[in-house]
Amino acid sequence: MAYRIKIPPCVYSGIGSIEDIKTIVNKESAKKALVFTDKGVAGAGLLDRLLKVLDEAGVSCKIFDGLKPEPAYQDVERVAEQMDKENGDIIFAIGGGSVMDAAKLCSLLKGSSYKVKDLLDNPLLASKQLKTVMIPTTCGTGAEATCNAIVAVPEEQSKRGIVNEEMIPDYVILDAGMIAGLPAPIVAATGVDALAHAVECFTSKKATPLSDTYALASAKLIFRNIEEAYANPSNIEARDSMLLGAFYGGVAITGSGTTAVHALSYPLGGKYHIAHGISNAILFAHVMEFNKDACQERLASLCDGVYPECSAKSQDEKADYMVSRIEAIVKNTGIPTDLNAFGVKMEDLEFLVDAGSKQQRLLVNNMKELRIEDIRSIYLKVLKEG
Ligand SMILES: NC(=O)c1ccc[n+]([C@@H]2O[C@H](COP(=O)([O-])OP(=O)(O)OC[C@H]3O[C@@H](n4cnc5c(N)ncnc54)[C@H](O)[C@@H]3O)[C@@H](O)[C@H]2O)c1
Ligand SMILES: [Zn+2]
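Every value quoted in this text rests on a predicted model; they were computed, and no experiment measured them.

1. A word on the nonpolar core
- Counting residues in hydrophobic clusters, the biggest one holds 77 residues, and the most contacted among them are Phe223, Leu264, Leu283 and Phe284.
- With 14 residues, the top contributor of residues to this core is helix α11 (residues 276-306).
- The two domains that each donate at least three residues to this core are domain 1 (10-178) and domain 2 (184-382).
- With residues near it in sequence (within four places) discarded, Leu264 still touches Leu283, Val287, Gly356, Leu363, Leu370, Ile375, Ile378 and Tyr379.
- Core analysis: the second largest hydrophobic core is formed by 31 residues, Ile91, Leu105, Leu108 and Val153 among them.

2. Some remarks on the sheet that holds strand β2 (residues 32-38)
- In spatial order, the strands read β1-β8-β5-β4-β2-β3; together these 6 strands make up an open sheet with parallel pairing. Each edge of the open sheet is held by one strand with a lone partner, namely β1 (10-13) and β3 (60-67). Ignoring which end each strand starts from, the neighbouring axes of this sheet average 15° apart.
- Pairing between β1 and strand β8 (residues 171-174): 4 bridges, direction parallel. In the sheet register, Ser13 faces β8, and the bridge partner there is Leu174.
- Contacting β2, β3, β4 (90-95) and β5 (132-136), helix α5 (residues 97-109) runs over the sheet at an angle of about 165° to β4.

3. Some remarks on the domain arrangement of the protein
- Here the protein is partitioned into domain 1 (10-178) and domain 2 (184-382).
- Relative placement of domain 1 and domain 2: their C-alpha centres are 25 Å apart.
- The interface is formed by 25 residues belonging to domain 1 together with 30 residues belonging to domain 2.
- One can count 0 salt bridges joining domain 1 with domain 2.
- Counting the contacts that link domain 1 with domain 2 gives 5 residue pairs in polar contact (both at pLDDT 80 or more).
- Breaking the side of domain 1 that touches domain 2 down by element, the ones donating at least two residues are β1, β6 (148-153), β7 (158-163) and β8.
- The dominant element in the side of domain 1 that touches domain 2, judged by the number of residues it contributes, is β7, at 4 residues.

4. Focus on the site of ligand 1
- Ser98, Asp101, Thr137, Thr138 and Thr146 are the nearest of the 28 residues found near ligand 1.
- One of the side-chain nitrogen or oxygen atoms of Asp101 is found 2.8 Å away from a nitrogen atom of ligand 1.
- Between Asn148 and ligand 1, the recorded distance is 2.9 Å, taken from a backbone N or O atom to a nitrogen atom.
- For ligand 1, whose unbound accessible area comes to 880 Å², protein coverage reaches 90%.
- For the shell around ligand 1, the secondary-structure elements that each account for two or more residues are α2 (39-43), α5, β6 and α7 (184-202).

5. Section: the state of the cysteines
- One pass over the full model with this rule turns up 0 disulfides.
- Considering cysteine sulfurs only, Cys61 is the nearest to Cys106, which forms no disulfide, with 16 Å between them.
- The cysteine Cys295 is free of any disulfide, with Cys201 supplying the nearest cysteine sulfur at 13 Å.

6. Here's the deal with the packing of α7 against helix α9 (residues 236-255)
- At a minimum axis separation of 9 Å, α7 and α9 run at an interaxial angle of 40°. Classified by the angle between their axes, α7 and α9 sit oblique to one another. α7 and α9 meet at a crossing whose hand is left-handed. The residues of α9 that touch α7, namely those facing Val187, Gly191, Ala194, His197 and Cys201, are Arg239, Met242, Ala246, Gly249, Ala252 and Ile253.
- The residue inventory of the contact of α7 with α9, partitioned by class, reads 7 nonpolar, 3 polar and 1 charged.

What counts and how
Residues numbered from 1 in each chain as written. Chains lettered and ligands numbered in written order. Predicted model: local features only at pLDDT ≥ 70, side-chain atom pairs only at ≥ 80, totals over all residues. Heavy atoms only, no water. Core = buried A, V, L, I, M, F, W, Y, C linked by side-chain atoms within 4.5 Å. Buried < 20%, exposed > 50% of the residue type's maximum accessible area, 1.4 Å probe, protein only. Helix = DSSP H or I, 4+ residues; strand = E, 2+ residues; numbered from the N terminus. Domains from an automatic or database assignment. Contact = heavy atoms within 4.5 Å. Pairing = 2+ DSSP bridges. Axes fitted to C-alpha atoms, helices over the stretch in contact; angles between N-to-C directions. Salt bridge = Lys/Arg side-chain N within 4 Å of Asp/Glu carboxyl O. Polar contact = N/O pair within 3.5 Å; in protein donor to acceptor, adjacent residues only side chain to side chain. Near = heavy atom within 4 Å. Areas by Shrake-Rupley, 256 points an atom, 1.4 Å probe, with all protein chains shown as cover. Disulfide = S-S within 2.5 Å. Parallel < 35°, antiparallel > 145°, perpendicular 65-115°, else oblique. Left-handed = near helix turned anticlockwise from the far one by under 90°. Nonpolar A, V, L, I, M, F, W, Y, C, P; charged D, E, K, R; others polar.

Pasting the structure below:
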């Protein structure tokens, strides 16, 4: 079987690597940057750090900070319209997956007659108009590594992924200084999202030796560091490992693909606006428990890579151990384990089953086929009576 992987061509990593932006703008002869961010990132003082470096490099900026987390495609279209009124020769995104995805879409839309809606219907219509520099400030989505952009589609009460290789970022800056002050609940939610990318990609039907390399590297870094990065904000090494792990998880997504955890999580984000990392975390252990018999060998091999100290366990025990670690990590990082806190009720069950079963782009990657009754029984596990 032939396989391939798409990777951003230039990645700067390490504390202080934000300074490397000077090299990038020099190389690209950039004079004016279109900078995408949101209020949370700006409020944390991170935008100022980028603006200082750009100023020192003699590059002027136009800032777009009106994006809200987990935007609908109409929100991205509004920002794209604002951007179209500006000249600029390079795009920067400083933020989490929401900001980076919007910036990636805008890199295709600049000066074109297409809208995000057109790309939902036909993702391959548009091509890259401006180069992009991604600076992740959460340790989760890996959006800085992928050709995907996820948007909410309110009329479907769900989310959808737009996949186009033209969205592969041109430059990535993985500077742990950007997540040093990331609040613990966001470390938890985005970190478990990254963990889900690693585990789902490793157990995906589409996994290849190339994607396995990145998924395993990601899993090692995240399983081993997430609880420490959550509990001890001053441990910058743990946060650095999380940022690198999230990036590797993103690379694994382009080589393989996420599976049923992400598929069933989309309606929870799209209709109930539960943050992406949280909705994945709530479903994660239940879906892997369901998948376990079909992925036992893969989960055991993940265990060998991440926890070599468990080598004496049987294959069955190793698979069980990985599912129990996922469950423990969600609990230890204070993430809710059911949908009660989000106002999702038992009467929402059939909506969830219907919307979840429509996420065929990802469900086809799942090693074990999910029948409607399997989907229903997974959602039932995270719904409470009352
Ligand atoms: N493109 C992909 O491959 C891909 C993969 C997975 C998820 N996603 C998408 O990414 C989005 C989620 O992104 P996310 O989980 O990174 O979160 P996010 O971008 O939605 O940010 C969550 C919140 O954290 C705040 N924040 C970010 N960095 C901060 C910092 N350093 N300090 C303080 N606050 C900070 C933001 O202001 C925001 O309020 C979803 O829309 C999801 O569907 C994309
Ligand atoms: Zn994700």
